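# Observations on chain architecture
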Amino acid sequence: MAQAELVGCPNCSVEVWLHPGVAGFRCHYCGVYVGIRRPEPRWRPNTIRKLPGALNFDKPRHEPIIGSPVPLVRVSGNKRAVLCGICYKNTPYELKGCINDVNCMKYFLTTRFNFPEDSIVTLTEVEHDSKRIPTKRNIQRWMRWLVQDCQAGDSLVFHYSGHGSQQKDYTGHEVDGYDETLLPLDFQTAGMIVDNDINDTLVKPLPPGARLHAIIDACHSGTILDLPYVCLFNPSGGKCAWEDHTPQNGMRKGTKGGEAISFSGCDDDQTSADTKALSKITSTGAMTYSFIKAIEKGEGKTYGSLLSSMSGTVREACQKKAKSKNMVIEGGGYKPGKVEATKPSSLTNMLLEGGSYKQGKFQEPQLSSSYLFDVNETPFYL
């Protein structure tokens, strides 16, 4: 009697047992249809010894073939968004405002930019659907969904509020020698999501005419999408200049012709605040709050004016916090009196310490892009 066989999904690696003769299956985890290519049966000829050039009659391998993916959520129109907020509840490095950030961003997108509610996917710890808990696997597969089958005219948004970090870059792609990372809910067991993978998933597939905006409220997030151009912004003069971050080895970090633009909470060597200092009511991410506030106040007409307004809001809050702690802000950092600013010795220490002063610099919102444009003339829209 033929036995059941174990076949892995080529898309998400989940393994399932198939009954003999089954032509394919729908993966219960990622929704992809997988067909099974079965070779035609071969019959052993009536020979005792194998002749030169004879066929190989070993048991054939059954090769899984990925079919057309079924969308995790079917949407109508040309707008879709994935909003991820992780508070790491009941851990020593718990954050307070990340789920608030997601709720505010969802309301903001639906009321201000007419995103249909059914085109917005939220990933938080409080979701009832296990596929929307912000684990590494879930975040990565919803990233793939966001850009799946996108086309000219599509407007895509990826928003993340949670912990970010860095790890040593051993490929030579990074200007500063470090990869930037996002920390999913299960990062201690599943690992972090590295900027190279984010670029491969969200940026490189974008076709001509499609536009992606990433809004990343996390520490060390300046170049989290690994985009080739970073905007150097002068808060005092409001002037911007582009810096080329294309890898020296020539590796392509851009799109297939689409546009990818990222707003991030701070530079790669800075941390980003989770605080009540801005809203005065509840905890929020400083970057998410300043982003929404700038547009609501009408200060987001262009990318330059939006970045300038965000920077001003965060800088004002940092100055108030520094004053309350008897710190003196100078340029891009601070002087804490008798206390030396030291870099945490481990990822866990960094998560426990948090704040935007531990690294010796207060946060400065960042803008990066897959292409060059005039930030003071180009209108901002989603």
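Not measured: the values here are computed from a predicted model.

## With respect to the pattern of salt bridges
With the rule as written, the count across this model stands at 6 salt bridges. Residue Glu296 pairs with Arg112 through a salt bridge whose shortest N-O separation is 4.0 Å. Of this pair, Glu296 sits in helix α5 (residues 286-296) while Arg112 is found in helix α1 (residues 98-112), placing the two residues 184 residues apart along the sequence. A residue is classified by how much of its surface remains accessible, and Glu296, at 43% relative accessible area, is partly exposed. Arg112 gets classed as partly exposed once you look at its relative accessible area, which sits at 40%.

## Details of the side chain of Ser161
As for its placement among the helices and strands, Ser161 is situated in strand β8 (residues 155-161). Engagement of the side chain of Ser161 in a polar contact is seen with the side chain of Asp101, the distance being 2.7 Å.

## A closer look at the sheet that holds strand β15 (residues 259-264)
With respect to topology, 8 strands assemble into an open sheet ordered β7-β6-β8-β12-β15-β20-β13-β14, the strand pairing being mixed. Edge positions in the sheet fall to β7 (120-123) and β14 (239-244), since each has one partner strand and no second. Here the strands of the sheet are splayed against their neighbours by 15 degrees on average, with no regard to which way each runs. Of the strand pairs in this sheet, strand β13 (residues 229-234) and strand β20 (residues 366-369) are connected by 3 bridges, and their pairing is antiparallel. Looking at the pairing, Cys231 lines up with Leu367 of β20. Here α1 sits on the sheet in contact with β6 (79-85), β7, β8 and β12 (211-217), set at roughly 165 degrees to β6.

## Examining the pairing of β6
Across the 7 residues that make up β6, a large majority, 7, are buried. Every second residue of β6 is oriented toward a common face, with Lys79, Ala81, Leu83 and Gly85 on one face and Arg80, Val82 and Cys84 on the other, all of them buried. Both β6 and β8 contribute to a ladder of 7 bridges, which runs parallel. Bridging across to β8, Gly85 finds its partner in Ser161. Taken together, the 4 bridges between β6 and β7 define a ladder with parallel strand orientation. The residue bridging Cys84 from the neighbouring strand is Leu123, located in β7. Assessed by its sense of winding, the connection that carries the chain from β6 through α1 to β7 is right-handed.

## Some details on the confidence of the model for the chain
Considering every residue of the chain, the mean pLDDT works out to 76; 66% of them sit at 70 or more. Confidence drops under pLDDT 50 across residues 54-68; counting only partners more than four residues distant or on other chains, this segment forms 36 contacts. Predicted confidence is poor over residues 327-360, with pLDDT under 50, and the contacts of this stretch with residues over four places away or in other chains come to 66 contacts.

Cut-offs and rules
- Residues numbered from 1 in each chain as written.
- Predicted model: local features only at pLDDT ≥ 70, side-chain atom pairs only at ≥ 80, totals over all residues.
- Heavy atoms only, no water.
- Salt bridge = Lys/Arg side-chain N within 4 Å of Asp/Glu carboxyl O.
- Helix = DSSP H or I, 4+ residues; strand = E, 2+ residues; numbered from the N terminus.
- Buried < 20%, exposed > 50% of the residue type's maximum accessible area, 1.4 Å probe, protein only.
- Polar contact = N/O pair within 3.5 Å; in protein donor to acceptor, adjacent residues only side chain to side chain.
- Pairing = 2+ DSSP bridges.
- Axes fitted to C-alpha atoms, helices over the stretch in contact; angles between N-to-C directions.
- Contact = heavy atoms within 4.5 Å.
- Right-handed = clockwise from strand over helix to strand, strands pointing away.
- pLDDT = per-residue confidence, 0-100.

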